[in-house]
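# Examination of the molecular architecture
Letter by letter, the chains look like this.
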Amino acid sequence: MARYVQLVLGCTVLGAGVALVLTAELGSDGYSTLVSGFTIWSGLPFWLLNAVVGAVFVGVAWLRGRKPGPGTLVQWFHVGIVISIMLELIPEVESVVGRSSVLAGGLVLIAFGVAAYLASNTGAGPAEAMALSFDPPLPFRWSYSILQLTSAVLGWLMGAAIGPGTVLIFLLMGPAVDLIRLYWKWLEFPPIEMVA
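The rules behind these values
Residues numbered from 1 in each chain as written. Predicted model: local features only at pLDDT ≥ 70, side-chain atom pairs only at ≥ 80, totals over all residues. Heavy atoms only, no water. Patch = residues over 30% accessible without salt bridge, like charges linked within 9 Å, V, L, I, M, F, W, Y side chains within 5 Å. Areas by Shrake-Rupley, 256 points an atom, 1.4 Å probe, with all protein chains shown as cover. Salt bridge = Lys/Arg side-chain N within 4 Å of Asp/Glu carboxyl O. Helix = DSSP H or I, 4+ residues; strand = E, 2+ residues; numbered from the N terminus. Buried < 20%, exposed > 50% of the residue type's maximum accessible area, 1.4 Å probe, protein only. Contact = heavy atoms within 4.5 Å. Expected span 1.5 Å × (residues − 1). Bend = angle between axes of the 7 residues up to and from the residue. Core = buried A, V, L, I, M, F, W, Y, C linked by side-chain atoms within 4.5 Å. Axes fitted to C-alpha atoms, helices over the stretch in contact; angles between N-to-C directions. Parallel < 35°, antiparallel > 145°, perpendicular 65-115°, else oblique. Left-handed = near helix turned anticlockwise from the far one by under 90°. Phe/Tyr/Trp six-rings, centres within 6.5 Å; stacked < 30°, edge-to-face > 60°. Lys NZ or Arg CZ within 6 Å of the ring centre and 35° of its normal.

A grouping of Val108, Phe112, Leu179, Leu182, Tyr183, Trp184 and Trp186 is seen on the molecular surface, where their side chains present a nonpolar patch of about 790 Å² in accessible area. Of all the secondary-structure elements, those providing two or more residues to the nonpolar patch are α5 (96-119) and α8 (164-183). Ranked by residue count, the leading element in the nonpolar patch is α8, at 3 residues.

This next bit is on the pattern of salt bridges. A pair can form between side chains of opposite charge whenever their charged atoms are brought close. Summed over all chains, the structure comprises 2 salt bridges. Of the charged contacts in the structure, one is a salt bridge between glutamate 188 and arginine 181, with a shortest N-O distance of 2.7 Å. Classification of glutamate 188 as partly exposed rests on a relative accessible area of 28%.

The next subject is the side chain of serine 145. Relative to the assigned elements, serine 145 resides in helix α7 (residues 140-157). Once residues lying within four places of it in the same chain are set aside, the contact partners of serine 145 are Phe140, Phe170, Leu171, Gly174 and Pro175.

What follows is about α8. Between the first and last C-alpha of α8 there are 27 Å, a value that for 20 residues agrees with the 28 Å anticipated at 1.5 Å per step. Along α8, the sharpest kink reaches roughly 45 degrees, centred on leucine 172 and followed within four residues by the proline proline 175. The inward-facing, buried residues of α8 contact α1 (2-24), α2 (30-42), α5 and α7.

Attention now moves to the nonpolar core. Nonpolar side chains in soluble globular proteins tend to end up buried together. In terms of nonpolar packing, the biggest core is built from 44 residues, with Tyr117, Leu118 and Met173 touching the most fellow members. Elements with a contribution of two residues or more to this core: α1, α2, α3 (46-63), α4 (70-89), α5, α6 (126-132), α7 and α8. Every residue in contact with leucine 118, bar those within four places of it in the chain, is listed here: Ala124, Glu128, Leu132, Phe140, Val177 and Arg181.

Axis separation between α2 and α7 bottoms out at 7 Å; the angle between their running directions is 25 degrees. Accordingly, the angle class assigned to the pair α2 and α7 is roughly parallel. Note that α2 runs across α7; the crossing there is left-handed. Only Gln148, Ser151, Ala152, Leu154, Gly155 and Trp156 of α7 make contact with α2, whose side of the interface consists of Gly30, Tyr31, Thr33, Leu34 and Gly37.

Time to look at the packing of aromatic side chains. Inspection of the entire model under this criterion finds 6 aromatic pairs. Considering the side-chain rings of tryptophan 184 and tryptophan 186, the 5.4 Å spacing of their centres and the 25 degrees angle between planes classify their relative orientation as stacked. Three or more aromatic residues joined by ring pairs make a cluster, and in this case those are Phe112, Trp184 and Trp186. The ring of phenylalanine 134 carries the charged tip of arginine 64 above its face, separated from the ring centre by 3.8 Å.

Below, the discussion takes up unusual backbone geometry. Peptide bonds are trans in most cases, and residues, glycine excluded, mostly fall at negative phi. Residue proline 136 is bonded to the preceding aspartate 135 through a cis peptide linkage, with omega at 0 degrees. Checked against the element boundaries, proline 136 lands in the loop between α6 and α7. Cis geometry is found at the peptide bond from proline 136 to proline 137, where omega equals 10 degrees. With respect to the helices and strands, the residue proline 137 is situated in the loop between α6 and α7. If you check the backbone angles, glutamate 25 has positive phi at about 55 degrees while not being a glycine. In this fold, glutamate 25 is placed in the loop between α1 and α2. The phi torsion at asparagine 121 lies on the positive side, around 50 degrees, for a residue other than glycine. Checked against the element boundaries, asparagine 121 lands in the loop between α5 and α6.

Here you go:
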């Protein structure tokens, strides 16, 4: 039971962090940039393409041996709900200093949220599953950074906006999540049997 509480809390913190990053309007994570790019390019709604891109990422990760679990679904849907609620609650910030502070707070929450939900070992959401499926040969801290960078560039090529937040996420997020999991061992639960 405790691992599922941690899963939901971690995903809630992650969603709040993403909402802060979006509120700062200084660039979002690579995965969201990719989905935004597809939205601009195709004219289809964001929520639909988010589901499609997520399914592709989870499918590729599964083919590479990273099986989905309950955490996959919770992360995939719960985070989106939290983001939607938080965006309604967070006031607009106009000053550069204020937006930079909101961005910094969002990045910290994302790192702790991702680390906590992954440490529940209940399955990874789309972006994290894809990155973890390449570990090995690449450690998560690098595979996650490469995934964020590649996604951001593809999204940008299709017309999505990028910014300093995008750069900070692809440079820092993977290493930050690894460091949190390394030093906060009490967060880690043993893996559960995932779906076949």
